[in-house]
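Residue strings, one per chain:
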Amino acid sequence: MADQYLHSVRILRDVCHGCTNCLKSCPTEAIRVRNGKAMILPSRCIDCGTCIRRCTYHAATAGSDNMEMLKQYKYNIVLAAPSLYAQFPEKISAGVIWQSLHDLGFDEIFDVGLASEYIAMEIADYVKNYTGKRKPLISATCPAVLRLIQVKFPELIKQIVPILPPAEAAAIYIKSKAAREHKLAKADIGVWFIAPCPSKGANIRQPVDVIHPEIDGYFSVKEIYTRIMKNMSNLGSGKRNVTTGSSYGMCWGSAGGEIASAGLVNAISVNGIEEAYEALEQISMNKMPTLDYLECNACQGGCIGGPMVAENKFVAESNLKRRIAVMREH
């Protein structure tokens, strides 16, 4: 991993007190304290956001793009992930969220949950037909986990499933579709992801899973949530252009949703960077050779527990479960 790797996580030196909390909690020893200030070693950082959670003084933060960047494109598409919907109680309908996103300047909305459903089928098929020597196979969904494997467990790279994460698969599909339907060059179409964590943001700038990403930028879940809540009482009445998924894709927002959606039985889900590290360490020592699949999330609770969300992960999980239940009632 090159030193010029473009990180989302950064240290605000003017705010840093040099307390070493971030240093002690970093899973890849990517932080040093020099002259009383924390600094990140680019070649070791995996953008997991652990330092953001642990910094008492809020000196560790994550960057995102500016909404003004939408003006650079003729047509803008937003990828709405389950972690966004989980910020809202079910009484705030998906329709209200969609209208709010349109009012923020997005021309089209694509639910990442729909792509998750197709990716789940690909995962199930790949696991079923896998004839390789080493198991378990490891999910490719969390960029922080992929970078953790690169930095600490490179011997496990071959066990990562060679399947695109849902957001990137969604971006490839919807950008091509929009280009055809609106007779636009792809360069005129902006595809934006609403990210719950810095690793997904960093992965857009320097991807670990694709060569040429179709996602053009990202905004934090917290920022979009704040904007939606602020403008909730001033919703417009414009026509919404939305592609939606089902409750099964929505499950991916919380830990265990991926294997549940794929219908995998001989699989386990781990979440939180400490658990992810421990599980990968055990796999590295070949302690789970009969397990088929590992769903691995760097954030506790899955994406709903990312450091760039607005709601507490337990509240978000409750919101998401209720929203899924309502979807299945209709």
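Structure: see above.
Attention here is on the structure that accompanies the text. Here the residue index of a chain counts from 1 through its sequence in written order. With pLDDT at 70 or above as the cut-off, local features in this predicted model cover only qualifying residues; side-chain atom pairs require 80 or more to be listed or tallied, and sums for whole chains, interfaces and linings still use all residues. To obtain the side-chain values, all non-hydrogen atoms of the structure were used and water was disregarded.

What follows concerns the overall build of the chain. Regarding its fold elements, the chain presents 13 helices and twelve strands. A radius of gyration in this sense is built from C-alpha atoms; the matching globule rule multiplies 2.2 Å by the number of residues raised to 0.38. Against the globule reference of 20 Å for 330 residues, the chain gives a C-alpha radius of gyration of 19 Å, in line with a compact fold. For the chain, the spread of C-alpha atoms along the principal axes amounts to about 55 × 55 × 40 Å. For every residue, the accessible area (1.4 Å probe, protein chains only) is compared with the maximum for its type, and the residue is labelled buried under 20%, exposed over 50%, or partly exposed between those bounds. Per-residue burial for the chain yields a buried fraction of 52% across its 330 residues. Numbering of helices and strands runs from the N terminus; a helix is a DSSP stretch of H or I covering at least four residues, while a strand is a stretch of E covering at least two.

This next bit is on unusual backbone geometry. K135 connects to P136 through a cis peptide bond whose omega is 5°. Turning to its location among the elements, P136 is positioned in the loop between α5 (112–129) and β7 (137–138). Positive phi is not limited to glycine here, since T20 has a value of about 75°. Tracing the chain through its elements places T20 in the loop between β1 (9–11) and α1 (21–25). In this model, D47 sits at a positive phi of 60°, which is unusual for a non-glycine residue. Within the secondary structure, D47 sits in the loop between β3 (37–40) and α2 (50–54).

Looking now at the pairing of strand β9 (residues 217–220). Burial along β9 is two-sided: G217 and F219 and Y218 and S220, pointing in opposite directions, are all buried. Two strands make a pair as long as DSSP finds a minimum of two bridges between them. The sheet contact formed by strand β8 (residues 189–195) and β9 spans four bridges and is parallel. Looking at the pairing, I194 lines up with F219 of β9.

Attention now moves to the nonpolar core. Within this scheme, the nonpolar core is defined by two criteria: the residues are buried Ala, Val, Leu, Ile, Met, Phe, Trp, Tyr or Cys, and they are joined through side-chain atoms within 4.5 Å. In this structure, I123, L264, L280, Y293 and L294 are the most contacted members of the largest nonpolar core, which totals 36 residues. The set of elements that each furnish at least two residues to this core consists of α5, β7, α6 (143–152), α11 (257–262), β11 (267–271), α12 (273–284) and β12 (293–297). We call two residues contacting when some pair of their heavy atoms lies within 4.5 Å. When near neighbours in sequence (up to four residues on either side) are disregarded, L264 contacts I123, A124, V127, I259 and Y293. Counting 30 residues, the second largest nonpolar core, distinct from the first, contains I109, Y225, M250 and I324.

Approximately 560 Å³ is the volume attributed to the largest pocket. Lining residues are defined by having an atom within 4 Å of a point belonging to a cavity or pocket. Those points lie on a 1 Å grid over the protein atoms alone, cavities being sets where a 1.4 Å probe fits but cannot get out and pockets being open sets with protein on both sides within 12 Å along at least five of seven lines. For the largest pocket, the lining is made up of 26 residues, of which I52, R53, G306, P307 and M308 are closest to its centre. When contributions to the lining of the largest pocket are tallied by element, the ones reaching two or more residues are α2, β4 (60–62) and α12. Per element, the largest residue contribution to the lining of the largest pocket is four residues, and it comes from α2. Grid points are joined across faces, edges and corners, and a volume is the space filled by probe spheres set on the points.

No statement about biological role is implied by the geometric values presented.
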